[in-house]
Amino acid sequence: MKTLLLGVAVIGALVAGTAQAQVPADRSVVYRKAGFQMMANHFGRINAHIKGERNLTPAQLELSAQVVDSMAKVVYDGFIEGTDQSKGNKAKPEIWKEWAKFKDAQAKLQGETPKLLAAAKGGDKAALQAAFGGVGGSCKNCHDAYQSKEVIQ
Ligand code: ASC
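Residues numbered from 1 in each chain as written. Predicted model: local features only at pLDDT ≥ 70, side-chain atom pairs only at ≥ 80, totals over all residues. Heavy atoms only, no water.

## Re the environment of Gly78
- Mapped onto the elements of the fold, Gly78 is located in the loop between α3 (58–74) and β1 (89–91).
- Along the backbone, Gly78 and Arg32 are 46 residues apart, and their C-alpha atoms lie at a distance of 5.0 Å.
- Here Gly78 is in contact with Ser28, Tyr31, Arg32 and Thr83, once residues within four sequence places are set aside. (Helix = DSSP H or I, 4+ residues; strand = E, 2+ residues; numbered from the N terminus. Contact = heavy atoms within 4.5 Å.)

Right under this line is the structure:
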């Protein structure tokens, strides 16, 4: 029984190892780009709402803020080491050289997006605008340091 369990554990580890090794580097680029696109799209809707170009219902506003907050929580899973030179990518290699600093920038965004969600639920436009500025500032903070101006070909 012990040998059998050990065998299962070894096969499990091998399968897990193989699965991990087989994830193509550019899959993580596709993943994080998709996440950022969803985040930017819904952040843009909130921006248009604040500027009076769109009139989101309270439910739409909350949903958009929820998307921004959710993407901020999951998108960083796509920053896998070795993907900085993959095609169609703007992530600078500095991300992996300054990983702790990059994590700080990530934490900054993740600290701001729940405030946006709370403000979207609260219905106060000034509070929404302030929270929007907090999120936008943390986007910019990270882009300035870690986003290349041009897509890597
Ligand atoms: C957006 C968007 C970003 C951020 C950033 C804020 O709407 O797509 O990447 O805001 O421009 O500075």
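Structure's up, so let's keep going.
## A closer look at the nonpolar core
- Counting residues in hydrophobic clusters, the biggest one holds 31 residues, and the most contacted among them are Ile46, Leu116 and Leu128.
- Those elements that provide at least two residues to this core are α2 (25–51), α3, α4 (94–97), α5 (99–122) and α6 (125–146).
- If near-sequence neighbours (up to four positions away) are discounted, Ile46 is found in contact with Leu56, Leu61, Ser64, Ala65, Val68, Leu116, Leu128 and Phe132. (Core = buried A, V, L, I, M, F, W, Y, C linked by side-chain atoms within 4.5 Å. Buried < 20%, exposed > 50% of the residue type's maximum accessible area, 1.4 Å probe, protein only.)

## Some remarks on the site of the ligand
- Neighbouring the ligand are the residues Ala40, Phe43, Gly136, Cys139, Lys140 and His143.
- With respect to the ligand, the backbone of Gly136 contributes an N or O atom lying 3.5 Å from an oxygen atom.
- Surface burial for the ligand is 57%, taken as the share of its 310 Å² of free accessible area covered by protein chains.
- Secondary structure elements with two or more residues in the shell around the ligand: α2 and α6.
- Considering every element that reaches the shell around the ligand, the biggest residue donor is α6, with four residues.
- Class assignment of the residues belonging to the shell around the ligand gives a composition of three nonpolar, two polar and one charged. (Near = heavy atom within 4 Å. Polar contact = N/O pair within 3.5 Å; in protein donor to acceptor, adjacent residues only side chain to side chain. Areas by Shrake-Rupley, 256 points an atom, 1.4 Å probe, with all protein chains shown as cover. Nonpolar A, V, L, I, M, F, W, Y, C, P; charged D, E, K, R; others polar.)

## Describing the pattern of salt bridges
- By the definition in use, this model includes five salt bridges.
- Between Lys51 and Glu53 there is a salt bridge, and its shortest N-O distance comes to 3.7 Å. For the pair formed by Lys51 and Glu53, the shared burial category is exposed.
- In this structure, Lys101 engages Glu98 in a salt bridge whose closest nitrogen and oxygen atoms are separated by 3.8 Å.
- Lys101 gets classed as exposed once you look at its relative accessible area, which sits at 55%.
- Glu98 gets classed as partly exposed once you look at its relative accessible area, which sits at 30%. (Salt bridge = Lys/Arg side-chain N within 4 Å of Asp/Glu carboxyl O.)

## A look at the packing of aromatic side chains
- Enumeration over the complete set of coordinates arrives at nine aromatic pairs.
- Taking 5.5 Å as the distance between ring centres and 35° as the angle between the ring planes, the aromatic pair formed by Trp99 and Phe102 counts as tilted. Of the two residues, Trp99 and Phe102 both sit in helix α5, three residues apart, roughly one turn of that helix.
- Residue classification places Trp99 among the partly exposed residues on the basis of a relative accessible area of 33%.
- A relative accessible area of 2% means that Phe102 is categorised as buried.
- Ring-pair connections join several aromatic residues into one group, and the members of that group are Phe36, Tyr76, Phe79, Trp96, Trp99, Phe102 and Tyr146.
- The ring of Phe79 has Arg32 sitting right over it, with the charged end atom 4.6 Å from the ring centre. (Phe/Tyr/Trp six-rings, centres within 6.5 Å; stacked < 30°, edge-to-face > 60°. Lys NZ or Arg CZ within 6 Å of the ring centre and 35° of its normal.)

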